[in-house]
Amino acid sequence: MALRAAFRSKCVFSGLLSQRSSCSGHGRVCVSPVLAAQRRNNSTSPKIDVNFDQSTGVAVMSLQSPPVNSLSLDFLTELCISVEKLEMDKSCRGLIVTSSQPKVFSAGLDITEMYGKSPERCGEFWRAVQEMWLKLYGSNMITIAAINGSSPAGGCLMSLTCDYRIMADNPRFSIGLNETQLGIVAPFWFKDTMTNTVGHRNTEVALQLGLLYNPSEALKIGLVDQLVPEDQVLTTAKQNMTKWLAIPDHARAITKSMMRKPTIDKLASNREADIQHFVDFITKDSIQKSLGMYMEMLKKRTR
Amino acid sequence: MALRAAFRSKCVFSGLLSQRSSCSGHGRVCVSPVLAAQRRNNSTSPKIDVNFDQSTGVAVMSLQSPPVNSLSLDFLTELCISVEKLEMDKSCRGLIVTSSQPKVFSAGLDITEMYGKSPERCGEFWRAVQEMWLKLYGSNMITIAAINGSSPAGGCLMSLTCDYRIMADNPRFSIGLNETQLGIVAPFWFKDTMTNTVGHRNTEVALQLGLLYNPSEALKIGLVDQLVPEDQVLTTAKQNMTKWLAIPDHARAITKSMMRKPTIDKLASNREADIQHFVDFITKDSIQKSLGMYMEMLKKRTR
Amino acid sequence: MALRAAFRSKCVFSGLLSQRSSCSGHGRVCVSPVLAAQRRNNSTSPKIDVNFDQSTGVAVMSLQSPPVNSLSLDFLTELCISVEKLEMDKSCRGLIVTSSQPKVFSAGLDITEMYGKSPERCGEFWRAVQEMWLKLYGSNMITIAAINGSSPAGGCLMSLTCDYRIMADNPRFSIGLNETQLGIVAPFWFKDTMTNTVGHRNTEVALQLGLLYNPSEALKIGLVDQLVPEDQVLTTAKQNMTKWLAIPDHARAITKSMMRKPTIDKLASNREADIQHFVDFITKDSIQKSLGMYMEMLKKRTR
């Protein structure tokens, strides 16, 4: 019920601070037996289901880490391995990213990865977040986000790495980089990705206020490209993909790289400093205290 | 009548060439006894009235330099001191900038500061213009412009430094960087601030043609964020401020700095060259002659 | 007839791969006797007609290289000479670029300049393409594109160099950088010019998909500034020119340079590398084979 309430409130999804189920003893979300059974043969892991259709050259990657596809270290590692495998498979030309979880695309970074952890572990986590962004934003494949639920913070970032964004037209869903609402700052490469998508001024307002947009608002500023009824998100993504597949891969991929390389290079050449910056920030007593209080609040809510 | 006509015409407000009253013996505008009496206790100067509300953490800075809030050296100096004081006061979180003068927010730079003055004095003036921009564009406070009148050139620049712009929906008011209309060129940091707000293409057209936009046009290209009836500009600014106050200051200010620092650094690391450039330009015989003719025309008009 | 069919299809105009007549023995398009007779006294070449009106200070440059104003080496050379002459004539303040050919502004680069040619010749050709862009994008004159027909690839680039774009409101016309549709990549300075005009995100999608926009779509994303009925394109361009002529040239030209110089400098300081890059690419066996097949297809079509 708390979760349901959470989904109703725009402010609840956190990105850097996302809710997770309580059944895990090691900071990881359990995969339900049902979901595990649903996994296809070619899935690469319990948290990411990959369904690659050789006939079309398109893979559908479904995020299936209950309850809200939090970006934990394990989740990110599996995601990166999945993307890398597809990237190296020349027969895979397009990738659709979507969610198997109801009402949420991804709630963003897993808060438990940042609370009470050693600096080494925090650094390892942050490197995985960077890796996810580098792999997706720099992918040679055509990437389309089929955003069939809310997508705050890290979830929004993942969407922004794609070439095209189709969102479910449900006013209860929201998307945005809402880090400041929680006292956190979106790193420069989150900011750069958003600026490339919606421009400097929209980004300045959105990041300062930590705005979460409903689908209509998101479409208006260009944060997503298209809205469709909830049950048509994936089929529309597949239809849209055919337009992209009509373009010779080589020319398209070089063009994509030309547009994104300066942004990617900025992080690629500053990864260690960016990790150190994150670790220094997140391990501060004041921030740890905030995180603790926030998690305590979430626990009470879910009771 | 000429003056009245001037206020009606879009082209009259000048920015670099702004009108001033004739009662001053030292190139400064007189403050009327009435206005002086209206000054509040916590005002810091005759030309700037600062009203800081401790209960909300929001200061309202009213520009009250008749007739048109020209940016003279004195005006700019007082403005910078006021902003600096508020900036250093940790209890002050938000700043609303508005005008006490009817029909005008600010007419821009004071022409008399650039006519018949020594290079040293011109340089001192330009340094003050830079300082105003650096202080406002780089402020850690939430800054909202309550634009209750026309705002050409330097007045537009001042508005553009703020985090949010609310303008009176009066079609006779205008806003824009209209320098080229007077044969003057907006410096690179005016251009950068405008580009950050309305994008490269809008800026290219606006600056080349020296466009002044009416409120509707300004809203359409994003030069202002919101239009309200003339008598609701300040109250709307205060209401809007509460949204910004809900965000933790620290995260918001770091985010703001991340967005603006590259633009600020460009001027900060080139201040002396920029001053020299201005002084060389403005002290040219041809420019001085133009300024003289323009002032002569204004004098005839006001008779 | 094949040509008519070509005009109907959005994908036919190529930019890098444009159709030409078959009456030429040396890779150049013939000028019909009629067109030659129509040339005015002050025209500078058979392929470019220049009509300079001393009374207004505005020159109209009509592209008249049948059938589709392909950008051949000769065409580009003449165009550059024409622009340079006008640039050096202080009495010429404005330049309108339009087409004398029906239904097409310019179909883009001439494919025959790139097929079966020596690396030296290819390099010479590419240097001429660069020169056209450098001269037009960096012109001190007011430049207005009167786009009275389709304008793919190189034709779109030429339009984008202008200060203002007026397009015929005919849904059968199209404009865009469609290079990827042909397996070719728009160079970085094509990309930069487009980004300066329609922003990063629109450019990312447009260049990856090689999109050709109809006039309404082009207006919506800002690729053109104004649509008018087909027979009013030139007169509207002349009317619009008067607005620009009202601004002092010196201030306008400095402002224009301030906006465009960083983009121009990027190519100006990398011309040789950019030429080498083009030559290496275009002389590849695989690319030559593609060009050959494409030309063969065009020949069959025109029979």
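Rules and cut-offs
Residues numbered from 1 in each chain as written. Chains lettered and ligands numbered in written order. Predicted model: local features only at pLDDT ≥ 70, side-chain atom pairs only at ≥ 80, totals over all residues. Heavy atoms only, no water. UniProt positions renumbered as here; feature names shortened; annotations may be inferred. Helix = DSSP H or I, 4+ residues; strand = E, 2+ residues; numbered from the N terminus. Polar contact = N/O pair within 3.5 Å; in protein donor to acceptor, adjacent residues only side chain to side chain. Least-squares fit on C-alpha atoms with pLDDT ≥ 70 in both. Contact = heavy atoms within 4.5 Å. Pairing = 2+ DSSP bridges. Axes fitted to C-alpha atoms, helices over the stretch in contact; angles between N-to-C directions. Buried area = accessible area lost by both parts, 1.4 Å probe. Salt bridge = Lys/Arg side-chain N within 4 Å of Asp/Glu carboxyl O. Nonpolar A, V, L, I, M, F, W, Y, C, P; charged D, E, K, R; others polar.

Chain A is annotated in an unreviewed UniProt entry as Enoyl-CoA delta isomerase 1, mitochondrial from Gasterosteus aculeatus aculeatus. UniProt lists a comment for chain A under the heading Function (unreviewed entry), and it reads "Key enzyme of fatty acid beta-oxidation. Able to isomerize both 3-cis (3Z) and 3-trans (3E) double bonds into the 2-trans (2E) form in a range of enoyl-CoA species, with a preference for (3Z)-enoyl-CoAs over (3E)-enoyl-CoAs. The catalytic efficiency of this enzyme is not affected by the fatty acyl chain length." The record in UniProt for chain A states the following under Sequence similarities (unreviewed entry): "Belongs to the enoyl-CoA hydratase/isomerase family."

Draft legend 1. Region of interest: the side chain of Asp110 of chain B. With respect to the helices and strands, the residue Asp110 of chain B is situated in the loop between β5 (108-109) and α4 (119-137). Of note is the side chain of Asp110 of chain B, whose polar atom sits 2.8 Å from the side chain of Thr112 of chain B.

Draft legend 2. Broad picture of the relation of the copies chain C and chain A. Between the two copies, chain C and chain A, the superposition gives an RMSD of 0.0 Å; the rotation angle is 120 degrees and the shift along the axis is 0.0 Å. When the rotation and shift are considered jointly, the pair of chain copies conforms to a three-fold rotation axis. Considering only C-alpha atoms, the residue of chain C closest to the rotation axis is Gly199 of chain C, which sits at 4.3 Å.

Draft legend 3. Looking closely at the environment of Asp192 of chain C. All names here are of chain C. Position of Asp192 among the secondary structure elements: in helix α6 (residues 188-209). The sequence separation of Asp192 and Thr263 amounts to 71 residues, and the corresponding C-alpha distance is 6.7 Å. Residues in contact with Asp192, not counting those within four places in the same chain, are Thr263 and Lys266. One polar contact links Asp192 to Lys191, side chain to side chain, over a distance of 2.9 Å. One polar contact links Asp192 to Lys266, side chain to side chain, over a distance of 2.8 Å.

Draft legend 4. Here's a closer look at the sheet that holds strand β2 (residues 58-63) of chain A. All names here are of chain A. In spatial order, the strands read β1-β2-β3-β4-β6-β8; together these 6 strands make up an open sheet with mixed pairing. Each end of this open sheet is capped by a strand with a single partner; those strands are β1 (48-53) and β8 (226-228). When strand polarity is set aside, the average angle formed by the axes of neighbouring strands in this sheet is 20 degrees. Strand direction decides the pairing type here: strand β6 (residues 164-168) and β8, joined by 3 bridges, are parallel. By the bridge assignment for β8, Ala168 is matched with Val228. Most of the contacts of helix α9 (residues 233-245) go to strand β4 (residues 142-147), to which it runs at about 160 degrees, and overall it touches β2, β3 (94-99), β4, β6 and β8.

Draft legend 5. Main features of the interface of chain C and chain A. Tallying the contact residues gives 17 residues for chain C and 19 residues for chain A. In total, chain C and chain A occlude about 1,700 Å² of area from one another, counting both sides; carbon and sulfur atoms represent 65% of this. Summed over the three residues of chain C that lose the most area to chain A, namely Arg201, Gln208 and Leu209 of chain C, the buried surface amounts to 42% of that side. Across the pair Arg201 of chain C and Asp225 of chain A runs a salt bridge, and its minimum N-O distance is 2.8 Å. On the surface where chain C and chain A come into contact, there are 7 residue pairs in polar contact (both at pLDDT 80 or more).

Draft legend 6. Just the interface of chain A and chain B, in detail. Chain A puts 17 residues into the contact, and the matching count from chain B is 19 residues. Seen at the junction of chain A and chain B, the total is 2 salt bridges. Arg260 of chain B is the partner of Glu204 of chain A in a salt bridge, and the nearest nitrogen-oxygen pair spans 2.9 Å. Of all the secondary-structure elements, those providing two or more residues to the side of chain A that touches chain B are α6 (188-198) and α7 (200-209) of chain A. Each residue belonging to the side of chain A that touches chain B can be placed in one class, and the counts come to 7 nonpolar, 7 polar and 3 charged.

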